[in-house]
Amino acid sequence: MSDITKQSLSELIKNIRERKISSTEATKAFIERSEKSKELNVYVTEDFSAAIEKAKKFDQKPNLDLKLPGIPLAVKDLFCTKNVKTTAGSKILNNFTPTYESTVTKNIWNEGAILLGKLNCDEFAMGSSNETSFFGSVQNPIDKGLVPGGSSGGSSSAVAAQLTPITIGTDTGGSIRQPASFTGTVGLKPTYGSCSRYGIVAFASSLDQAGPMSQNVRDCALLQEVISSYDEKDSTSIDFKRNNYSKELTNNIKGKKIGIPKEYRVDGMPKEIEDLWKKGIEYIKDCGAEILDISLPHTNYALPTYYIVAPAEASSNLARYDGVKYGFRADGENLIDMYEKTRSEGFGAEVQRRIMIGTYVLSSGYYDAYYLKAQKVRKLIKNDFDEAYKKVDAILTPSTPSSAFKIGEKTNDPVSMYLNDIFTVPVNLAGLPGISIPAGHDSKGYPLGLQIIGKAFDEQNILNIAYAMEEKINFKNKITDWWIK
Amino acid sequence: MSKDKSEYLINRKDNQYEVVIGLEVHAQVTSESKLFSTSSTKFGAEPNTQVSLVDAALPGMLPVINEFCVKQAIKTGIGLKAKINKRSVFDRKNYFYADLPQGYQISQFKDPIVGEGKVILDMPDGQKEVGIERLHLEQDAGKSIHDLDPKNTFVDLNRSGVALMEIVSKPDLRSPDEVNAYVKKLRSIMRYLGTCDGNMQEGSLRADVNVSVRIKGTKEFGTRCEIKNVNSIKFMQMAIEYEANRQVDLIEDGQSIDQETRLFDTKKNETRSMRSKEDAHDYRYFPDPDLLPLEVSDAFVENLKSEIPELPDEKKKRFIEKFKLTPYEATILVSDIETSNYFENVIKKSDVKLATNWIIGELFAALNEKNLEITESPISAGNLSKLINLIKDGTISGKIAKTVFEQMMEGDKDPKRIVEEKGLKQESDPKALEALIDKVIDNNRDKATEYKSGKVKLFGFFVGQVMKVSGGKANPQLVNEILKKKL
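Residues numbered from 1 in each chain as written. Chains lettered and ligands numbered in written order. Predicted model: local features only at pLDDT ≥ 70, side-chain atom pairs only at ≥ 80, totals over all residues.

Caption draft 1: Representation of the overall build of chain A within the structure. Helix and strand counts for chain A stand at 15 helices and 11 strands. Taking 23 Å as the expected radius of gyration for a compact globule of 485 residues, we find that chain A reaches 21 Å, a close match to that expectation. Overall, chain A is about 65 × 55 × 45 Å in size when its C-alpha atoms are taken along their principal axes. Within the span of chain A, comprising 485 residues, buried residues form 60% of the whole. Excluding contacts between residues fewer than 6 apart, the proportion of contacts in chain A whose partners are at least 24 apart in sequence is 76%. (Helix = DSSP H or I, 4+ residues; strand = E, 2+ residues; numbered from the N terminus. Rg over C-alpha atoms; globule rule 2.2 N^0.38 Å. Buried ≥ 20, exposed ≤ 12 C-beta atoms within 10 Å, placed from the backbone. Contact = placed C-beta atoms within 7 Å.)

Written out as structure tokens, the structure reads:
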């Protein structure tokens, strides 16, 4: 079957269940296409031969009742995978192979899925273009020389290029939604506490969440249903009633109230984005939902707040990479010298920049002015959403202030790079779920996304809205396979 | 030293200096597993055999609070008559060291689990109250071993993540003796509670000692120095003594004291500068985002209160009131939970007064000599009780009892059997005694005459002779009575 890789996850599952294709066939098909797609540089670690073995084993005694029966898939290289190298896109972990499995990936394998390999990402998930990875930048299948977004750039590129039927990323400030938007795919950042952080290389603990990245909303709902679980090994995991998101998925959103926050009309917003947003509003109305203007007054402060909180936590979370226990070590004259050389050589420039920002904002004399103030503003941002949700069921915004940019275009301008996250970071700061769906193209033909932000634990609602809109939008990704010779 | 015995002062020329001491005691929580992981805390295991993925800070590993350790900390707080904070926060204390795998220690900075409390000390000149500033929970670090290899340092992470309680006193202590009493009392309270075994050899109890001096009568505190990580009471006392004198000398010399962290060199008996205030670490404390604030309910605390045993102060009061012990005796007997248990077991079936004397006197001396703890005593409470009863009912004299006791210390258990086998039973038959006494008088006719003519002092001589002839077994009371009649 030559068109296996063109199938969505749901189609693939259906075909495997109906024994039209085997897991081995599916696995081989994605591997074959991946082999032809090296130029995209999505893989840090390929685990292809093991994947075929697992697929064969699955086919010998297929359990078709599982939610992901024999489905091959690749995951972001931020998830620790037992006996498979896990790098977080960093030189400092280039030789690190965990002896343990993250809860989220364990949930996936428990439902019958098979690991294809580990996908490229920005180093320690710090970046918006996948250009900070030690393993090089990733090509966006939309066009040559285009970034796939970040930090889950390998993941977004792999899904868009159909090298994996679905994947998981992590989102600390937009790292699922922004790359989804850049590649014409769907990405969900779940409510903080929905997916366990156990076994995920930490960037900023109070913001990090794993989430699905897929070709369509139904697939996204299915994977969310698999990965979301209460986990005692993560103290911030929340024990709430989780839906069968895919089963309960409906396009009936009649009467839902959707808020349009005026503060998201930022200065200098490209007209294309403005128009896309307007189109989104029309789609929502077409679905029978109601549009309300709302205000999230502290939106302007979200980005600076994020760029204090996230680096502060990161500076501490990354202290463990010191060359003592595991990972890269540079020789030194003494302990301090070894630390300095290890961390200077092991971490890339962006990671070092954030460690320094984080160290600075936590230092005595600056703590109150930066970190403490940021925490207060974070509370205000959360309060804004709480207020808004008294009136509306969900909020619609653009996912990003622009479409995908060129590789190298913003690498020397960190602030303009950080601005990519302007619509996504408030959601992380407030711990809310947000989904980006492809909603149109810009004049260059690059995809653009819209973001639906929900109430905490209300993933079902935003999935339903996304599902209803998806039907109206009828987006078609323009993938030309330009990289396949 | 001062002339007033109770006051510890340092004299120089015209000035008398008072020493101000505050202690930060690090007490290892008695718990099977670590503060945020399930690895064992057992002492003395092979290096790096009690290290979980969390303790070694592998990527993506997360701390999960051990509820038992929280209970232990709250119990200790209750024992210190302290305020229990229903909401406390775990912070990260960031610094780099080879034996600190996370690159930070999880501790409590702004919001500790226990607030202000107090400890009562029994000093020779009366009671003294020492304020407790706070108690917080934190992780221990691993251990760096520098002397196994000329070039490399080895790291043992068995201790990494073990739960510690840091108990911070107010600067209320004024002498090495008070520090001794304070640490012992703290240790005693925690041992009563079962929250810390107080074993200083195994490092279960260590302290940072803050010392400053000021001219007696001054209100303001002097600049303090912190002596880090002193692991015995004796060393604490020595360090304070040295440090206080060092500071006084500096002041007398017209110099000022630098606020700094110092180390106590036990071999040279001196403190040395470790780092100055300027070099002090900036620990960049901030709330650990991996852990939610720790919240406990009233019911949770009340429930723990109901589990609190009788503590030394209350027990002392009861011993004095119920058993009519002197405060001195009571203080000694309650100082350690094991001692007080032993005492109470002995007096279940025997005389309180005798038991008190025998435990504080003979038993303590004998144990001391053999360097044994009361729990290791060769004489069980039951057997000591039997021995005391043999004295009480006149079967043996106090003097013979000492012989029996010595035998018992050698591991010979039953005092009754010892008395029988060795024929140590006291002679209390009046007829047998009369015969003995007649014989003694007969042999000492001249002295008997002298006695009768008024030299009453000779009575003691006759008692001695009778005892001697009887091999020490004659009942001394009866001997007295009969002798008086006969002479």
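Caption draft 2: Focus on the overall build of chain B. Helices and strands together make up the secondary structure of chain B, namely 15 helices and 16 strands. Overall, the C-alpha framework of chain B stretches about 95 × 60 × 55 Å when taken along its three principal axes. Taking all 487 residues of chain B together, the buried fraction comes to 41%. For chain B, restricting intrachain contacts to residue pairs at least 6 apart in sequence, the fraction spanning at least 24 positions comes to 68%.

Caption draft 3: Local environment of the environment of Ile357(A). Following the sequence through the fold, Ile357(A) ends up in helix α11 (residues 349–362). In sequence terms Ile357(A) and Asn95(A) are 262 residues apart; their C-alpha atoms lie 27 Å from each other.

Caption draft 4: Molecular detail of the interface of chain A and chain B. Each partner contributes to the interface: chain A provides 32 residues, whereas chain B provides 24 residues. Breaking the side of chain A that touches chain B down by element, the ones donating at least two residues are α9 (302–317), α10 (335–346) and α11 of chain A. Here the side of chain A that touches chain B takes three residues from α9(A), the largest share from any one element. When grouped by side-chain class, the residues that make up the side of chain A that touches chain B number 14 nonpolar, 10 polar and eight charged. (Nonpolar A, V, L, I, M, F, W, Y, C, P; charged D, E, K, R; others polar.)

Caption draft 5: Here's a closer look at the sheet that holds strand β1 (residues 43–46) of chain A. Residues and elements named next belong to chain A. A sheet is described by the order of its strands in space; here three strands give the open sequence β1-β3-β2, paired in mixed fashion. The open sheet has two edge strands, β1 and β2 (72–76), and neither has a second partner. On average, each strand axis in the sheet is inclined to that of its neighbour by 35°, with strand direction left out of account. For β1 and strand β3 (residues 114–119), the ladder comprises three bridges, and the chain directions are antiparallel. Bridge pairing links Glu46 to Gly117 in β3. (Pairing = 2+ DSSP bridges. Axes fitted to C-alpha atoms, helices over the stretch in contact; angles between N-to-C directions.)

Caption draft 6: Highlighting the nonpolar core. By size, the foremost hydrophobic cluster in this structure holds 142 residues, and its most contacted members are Ile452(A), Leu463(A) and Ala466(A). Here this core gets nine residues from one element, more than from any other, and that element is α9(A). Those residues within four positions of Ile452(A) in sequence are excluded, and the remaining contacts are Ala394(A), Leu396(A), Gly434(A), Ile435(A), Ile462(A), Ile465(A) and Ala466(A). If you look at the next biggest cluster of nonpolar residues, it comprises 72 residues, including Phe36(B), Val54(B), Val119(B) and Val213(B). (Core = buried A, V, L, I, M, F, W, Y, C linked by C-beta atoms within 7 Å.)

Caption draft 7: A look at helix α15 (residues 459–473) of chain A. Residue and element names in this part refer to chain A. Look at α15: 20 Å from first C-alpha to last across 15 residues, which is about the 21 Å you get at 1.5 Å a residue. Taking burial as the measure, the 15 residues of α15 include 11 buried ones, the bulk of the element. Among all positions of α15, only Glu459, Gln460, Ile462, Leu463, Asn464, Ile465, Ala466, Tyr467, Ala468, Met469 and Glu470 are buried. Residues of α15 that are buried in the fold lie against α7 (217–227), α8 (271–286), β9 (394–398), β10 (434–441) and β11 (447–454). Positive backbone phi, approximately 50°, marks Asn474, located one or two places after α15. (Expected span 1.5 Å × (residues − 1).)

Caption draft 8: Just the sheet that holds strand β4 (residues 91–94) of chain B, in detail. Residue and element names in this part refer to chain B. Taken in spatial order, the three strands line up as β5-β4-β15 in an open sheet, and their pairing is antiparallel. Taken across any chain shown, the strands that pair with only one partner, and hence form the sheet edges, are β5 (104–107) and β15 (286–287). Here two bridges tie β4 to β15, and the two strands are oriented antiparallel to one another. For Arg92, the partnering residue across the bridge sits in β15 and is Phe286.

Caption draft 9: Here's a closer look at the domain arrangement of chain B. All names here are of chain B. Entries for chain B in the domain assignment read domain 1 (9–305), domain 2 (312–421) and domain 3 (430–486). The centre of domain 2, based on its C-alpha atoms, is set 33 Å off from the matching centre of domain 3. At the interface, four residues of domain 2 touch four residues of domain 3. Partitioning the side of domain 2 that touches domain 3 into residue classes produces one nonpolar, two polar and one charged. (Domains from an automatic or database assignment.)

Caption draft 10: Representation of the environment of Trp482(A) within the structure. Take Trp482(A): it is sitting in the segment after α15. Spatially, the C-alpha atom of Trp482(A) lies 34 Å from that of Glu111(A), the residues being 371 residues apart in sequence.

Caption draft 11: Structural detail: unusual backbone geometry. With an omega dihedral of 10°, the bond running from Gly150(A) to Ser151(A) counts as a cis peptide bond. On the secondary structure map, Ser151(A) appears in the loop between β3 and α5 (153–160). In the Ramachandran plot, Gln162(A) falls in the positive-phi region, its phi being about 60° despite a non-glycine side chain. Summarising the element assignment, Gln162(A) is placed in the loop between α5 and β4 (167–171). Of note, the phi angle at Asn371(B) is positive, near 60°, even though the residue is not glycine.

Caption draft 12: Expanded view of the packing of helix α1 (residues 67–79) of chain B against helix α4 (residues 298–305) of chain B. All names here are of chain B. At a minimum axis separation of 10 Å, α1 and α4 run at an interaxial angle of 65°. Taken together, the axes of α1 and α4 lie roughly perpendicular to each other. Crossing angle aside, the handedness with which α1 passes α4 is right-handed. Here α1 contributes Lys71, Ile74, Lys75 and Ile78 to the contact with α4, which in turn contributes Val301, Leu304 and Lys305. Class assignment of the residues belonging to the contact of α1 with α4 gives a composition of four nonpolar, no polar and three charged. (Parallel < 35°, antiparallel > 145°, perpendicular 65-115°, else oblique. Left-handed = near helix turned anticlockwise from the far one by under 90°.)

Caption draft 13: Molecular detail of the pairing of β3(A). Among the six residues of β3(A), six are classified as buried, and the element is accordingly described as predominantly covered. Viewed along the sheet, the connection from β2(A) through helix α4 (residues 103–110) of chain A into β3(A) turns out right-handed. (Right-handed = clockwise from strand over helix to strand, strands pointing away.)

Caption draft 14: Structural detail: the confidence of the model for chain B. The pLDDT averaged across chain B works out to 92; a share of 99% of its residues lies at or above 70. Both scores are given for the predicted complex: the pTM is 0.92, the ipTM 0.96. (pLDDT = per-residue confidence, 0-100.)

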